[in-house]
Amino acid sequence: MVVKRLLIPGPTDVPPDILLQQTKPMIGHRSDEYTKLYTGIIEKLQKYFNTQRNITVLTASGTIWMDITGRNMVKKKALACVNGAFSERMYLTIKDCGKDVDALVVDWGKAIKPEMVLERLSQGSYDTLAVCQNETSTGVRSPVNEICQKVKKEYPDIMIVVDTVSSAGGDLIEPDVMNADIVFTSSQKCFALPPGLSIGIVSDAALERAKQVPGRGHYTDLIAIFDYYAKKKQNPTTPNVSLMYALDYQLDRMLAEGAQKRYERHLAMAEMTRKWAKEHGIESFPEPGYESVTVSTLKNNLNKNIGELNKALGKRGFQISNGYGALKDKTFRIGHMGEWTPDEIRSLLLNIEDIWGL
Ligand SMILES: *Cc1c(COP(=O)(O)O)cnc(C)c1O
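So, here is what we can say about the structure in this document. (Residues numbered from 1 in each chain as written. Predicted model: local features only at pLDDT ≥ 70, side-chain atom pairs only at ≥ 80, totals over all residues. Heavy atoms only, no water.)

1. Observations regarding the overall build of the protein chain
Working step 1: Counting secondary structure elements, the protein chain contains 13 helices and 14 strands.
Working step 2: Its C-alpha atoms give the protein chain a radius of gyration of 20 Å, near enough to 21 Å, the size a compact globule of 358 residues would have.
Working step 3: Dimensions of the protein chain, computed from the C-alpha atoms along their principal axes, are close to 60 × 55 × 30 Å.
Working step 4: Burial analysis of the protein chain (358 residues in total) assigns 58% to the buried set.
Working step 5: Across the protein chain, the fraction of contacts at a sequence separation of at least 24, relative to all contacts at a separation of at least 6, is 73%.
Working step 6: On the protein chain, roughly 14,900 Å² of surface is accessible, and the fraction owed to carbon and sulfur atoms is 51%. (Helix = DSSP H or I, 4+ residues; strand = E, 2+ residues; numbered from the N terminus. Rg over C-alpha atoms; globule rule 2.2 N^0.38 Å. Buried < 20%, exposed > 50% of the residue type's maximum accessible area, 1.4 Å probe, protein only. Contact = heavy atoms within 4.5 Å. Areas by Shrake-Rupley, 256 points an atom, 1.4 Å probe, with all protein chains shown as cover.)

2. Topic: unusual backbone geometry
Working step 1: Geometrically, the link from Gly10 to Pro11 is a cis peptide bond, its omega value of -5° lying close to zero.
Working step 2: When you line up the elements, Pro11 lands in the loop between β1 (5–6) and α1 (16–20).
Working step 3: Even without a glycine there, the phi angle at Lys233 is positive, about 60°.
Working step 4: Note on placement: Lys233 falls in the loop between α9 (222–232) and α10 (241–257).
Working step 5: Residues other than glycine seldom take positive phi values, yet Asn303 does so here, at roughly 55°.
Working step 6: With respect to the helices, strands and loops of the structure, Asn303 is situated in the loop between β11 (295–299) and α12 (306–315).

3. A look at the pattern of salt bridges
Working step 1: Tallied over the entire structure, the rule returns 20 salt bridges.
Working step 2: A salt bridge links Asp176 to Arg53; the shortest N-O distance between them is 2.9 Å. One end of the pair, Asp176, is in helix α7 (residues 175–178); the other, Arg53, is in the loop between α2 (32–48) and β2 (54–58), with 123 residues separating them in the sequence.
Working step 3: Residue classification places Asp176 among the partly exposed residues on the basis of a relative accessible area of 40%.
Working step 4: Note that Arg265 and Glu257 form a salt bridge whose closest N and O atoms lie 2.7 Å from each other.
Working step 5: Each of Asp17, Arg253, Glu257, Arg262, Arg265 and Glu339 takes part in salt bridges that share partners, so that together they form one network. (Salt bridge = Lys/Arg side-chain N within 4 Å of Asp/Glu carboxyl O.)

4. A word on the site of the ligand
Working step 1: Looking at the ligand, there are 15 residues lining it, with Ser61, Thr63, Thr136, Asp163 and Lys189 nearest.
Working step 2: Between the ligand and the protein, one listed contact pairs an oxygen atom with a backbone N or O atom of Gly62 at 2.9 Å.
Working step 3: Separating an oxygen atom of the ligand from a side-chain N or O atom of Lys189 is a distance of 2.7 Å.
Working step 4: Relative to its unbound accessible area of 380 Å², the ligand is 91% covered by the protein chains. (Near = heavy atom within 4 Å. Polar contact = N/O pair within 3.5 Å; in protein donor to acceptor, adjacent residues only side chain to side chain.)

5. Brief notes about the side chain of Thr297
Working step 1: Tracing the backbone shows Thr297 in strand β11.
Working step 2: Looking at Thr297, its side chain comes within polar contact range of the main-chain oxygen of Thr138, at 3.1 Å.
Working step 3: With sequence-adjacent residues up to four places away left out, Thr297 is seen in contact with Thr138, Gly139, Ser284, Phe285, Pro286, Thr331, Phe332 and Arg333.

6. A short note on the side chain of Thr136
Working step 1: The residue Thr136 is located in the loop between β6 (134–135) and β7 (140–141) in this model.
Working step 2: By relative accessible area, Thr136 is classed as buried at 4%.
Working step 3: There is a polar contact of 2.7 Å between the side chain of Thr136 and the side chain of Ser166.
Working step 4: The contacts of Thr136, once residues within four sequence positions are left out, are Pro9, Phe86, Ser166, Val295 and Arg333.

7. Considerations on the pairing of strand β4 (residues 100–105)
Working step 1: In this structure, strand β3 (residues 77–82) lies alongside β4, joined through 6 bridges in parallel fashion. Within the sheet, the bridge partner assigned to Ala78 lies in β4 and is Val101.
Working step 2: The parallel pair β3 and β4, bridged by helix α4 (residues 85–96), forms a crossover whose chirality is right-handed. (Pairing = 2+ DSSP bridges. Right-handed = clockwise from strand over helix to strand, strands pointing away.)

8. Details of the packing of helix α5 (residues 114–121) against helix α6 (residues 144–154)
A pair of packed helices is captured by two measures, namely the crossing angle of their axes and the spacing between those axes.
Working step 1: Remark: α5 packs on α6, axes separated minimally by 9 Å, with the N-to-C direction vectors making an angle of 30°. When the interaxial angle is binned, α5 and α6 end up roughly parallel. As for the relative orientation of α5 and α6, their crossing is right-handed in sense. Facing α5, whose interface residues are Pro114, Val117, Leu118 and Leu121, α6 presents Glu146, Ile147, Lys150, Val151 and Glu154.
Working step 2: Tallied by class, residues from the contact of α5 with α6 come to 6 nonpolar, no polar and 3 charged. (Axes fitted to C-alpha atoms, helices over the stretch in contact; angles between N-to-C directions. Parallel < 35°, antiparallel > 145°, perpendicular 65-115°, else oblique. Left-handed = near helix turned anticlockwise from the far one by under 90°. Nonpolar A, V, L, I, M, F, W, Y, C, P; charged D, E, K, R; others polar.)

Geometry only, nothing functional implied.
Below, the structure is given as structure tokens:
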């Protein structure tokens, strides 16, 4: 098996020392040792995200937070902002939970902006708003701080849920500045961990809301999750202890680098990729000024075969992504998330140049 550097928008490469953490001996999830591990993780997450908000780590991928949203936040009706495949998944999931939901749809490649959201909210009676900060399918970054702040000012009772799955831990995510009610992410993207865990940062208001919403399910019941934590400082069901070891270890590394420095490193990789593309006549797909810092989506305006490119890159030990869904051959995506550095991105770009004869 050729080991390829995963420059796809998740999962991303996991450094060997992080992988090794998972080989530690198993411990009981009701032991004091586990309590120490898990409370340590929560404290480190609060430190990394500079917040005292409620935080939980669930043994499930990030999508579980879409079910949690549908089952815990939506009383009567939600507004889901849809500008790509993952934000559409949120819309569909809320529907799957049997809740009423409208979609604010913009074209793929465009960002969600505060004015659009405010206008739409003024037209209906909504109790929940969902928006994706970093649409991985298009590489678009929406200004969620501004959106949340403006919505909270006019509609303090609307619960806001923000998907930061492909950005938290890379892009600068500040839950207190954003003031959203649920901010969630997964382990396999900018946290550079194996898949299988998700993190949710939850406001007190969100818990108050959840108490008023029946049918929260069992695994997805926010009240059960946080009540158990308050009483026992553990998870209500058996967590993936091995991944918790890896998360605990990685959080030390992330805190040593610092959230601001991690953001700057990701920004440098994104800017390098866009500058390189421009120099070679390759257009950027997202609306200018709204480009993701963790995944660059470039147009295939040179009309290359992206599948062939990936095969050739594979022989050289790299893997990137084609476009998502309908954009499969129209765009290609370079994921620069987690532990990658500008030097490694430069090396990838030089290899693409070489393969394409640019
Ligand atoms: C990857 C991704 C998801 C899905 O996360 P899973 O961990 O695969 O469930 C949701 N939203 C965005 C923006 C993503 O990039």
